[in-house]
Amino acid sequence: MTTSVVSESYILFQEKMIDLLRQWEERLDSDSITAFTANPIQTEIPFTMQVKVECEPGTYQDMLHEILNLVEEWNPELHDQLQRIGAHITAITLGSTISDISSDCQLDPWILPYVTEQATRPILRMVSAKYREEITKIETKGLCPCCGEPVRLALLEKGRKMLLCPRCHASWQENRLTCSHCGNEDVKAIRYLSVDGEDKAQIHVCDHCYRYLKVIDIRAMLDKPAPELLDIQTIHLDIIAQDNI
Ligand SMILES: [Zn+2]
Ligand SMILES: [Zn+2]
């Protein structure tokens, strides 16, 4: 698959990050992560936006430290900023705002949101697996029913269209001919764009809501790729889609 818009070193870094987060998913104890709310679960709001998710603070801090180390390995020039984040990890865990810490530590605006997002992902993935039954009942058109990430990626698998969240790994089936954002079923209002030289990738563009979905046919693939890596490897499809909306 073409990856010309993303550098090889960035893909390599992302692959290492994916590996690290996968190791953390395996190390996390499902019993140490809980999601709870005093209210009944509402079926039109993403699950993690209506429950309080709790995880051991020490675990989250350890994950953050390992993520900081990996970011530094990728870009040593960030050493000083990453050190300052490391010194403030307790404040991050206690819930100080990202913008306050970024400003106190004089950080580039992207760094803290990026590393805290990465550290959140193994926890979200644990939640999406542990509470799958509750999440299955939630229908949030255009958003992941678990974490609320906007829908953008689907796999064609055994003739089914499976929507996949690169963030929390929730997956759910949907009608192949329906727009995953607005539910439009008028096939004349959905365009199916193919990309030269890529017979496994399609972009579905909806002329009702002007949004799109990257659809990857994985039936002939030997290994099912990690959804977050597939999402990065297909950034060129996002660019093509945005040019065709
Ligand atoms: Zn999600
Ligand atoms: Zn639509």
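These numbers come from a predicted model, not from an experiment. Residue numbers here run from 1 along each chain, matching the order of that chain's written sequence. Each chain is given a letter, starting from A, and each ligand a number, starting from 1, according to the order in which they appear as written. Confidence filtering applies because this is a predicted model: local features only for residues at pLDDT of at least 70, side-chain atom pairs given and counted only at 80 or more, and all residues used for totals across whole chains, interfaces and linings.

Peptide bonds are, in most cases, trans, and in most cases residues other than glycine have a negative phi. The backbone of Q106 sits at a positive phi, close to 50 degrees, despite the residue not being glycine. Mapped onto the fold, Q106 is located in the loop between helix 5 (98-104) and helix 6 (111-130). One non-glycine residue, Y210, lies in positive phi territory at about 60 degrees. By the secondary structure assignment, Y210 is in the loop between strand 7 (198-206) and strand 8 (212-217). We count a stretch as a helix when DSSP gives it H or I for four or more residues in a row; a strand needs E for two or more, and each element gets its number in order from the N terminus.

With that out of the way, let us pick up the sheet that holds strand 7. By definition, the strands of a sheet pair up through backbone hydrogen bonds, in either a parallel or an antiparallel sense. Two strands qualify as a pair provided that DSSP identifies no fewer than 2 bridges between them. Spatially, the six strands line up as an open sheet ordered 5-4-3-8-7-6, and their pairing is mixed. Both edges of this open sheet fall to strand 5 (171-174) and strand 6 (190-195), since each of them pairs with a single strand only. For this sheet, the mean inter-axis angle between neighbouring strands, taken without regard to orientation, is 30 degrees. For strand 6 and strand 7, the ladder comprises six bridges, and the chain directions are antiparallel. Its bridge partner being in strand 7, S194 is matched across the sheet by Q202. Think of it this way: build a C-beta for each residue from its backbone, and any pair within 7 Å is a contact. Inter-axis angles, ranging from 0 to 180 degrees, are taken between N-to-C directions of lines fitted to C-alpha atoms, where helices are fitted over the stretch in contact. Along the sheet, helix 9 (residues 235-243) contacts strand 6, strand 7 and strand 8; its crossing angle with strand 7, the most-contacted strand, is approximately 40 degrees.

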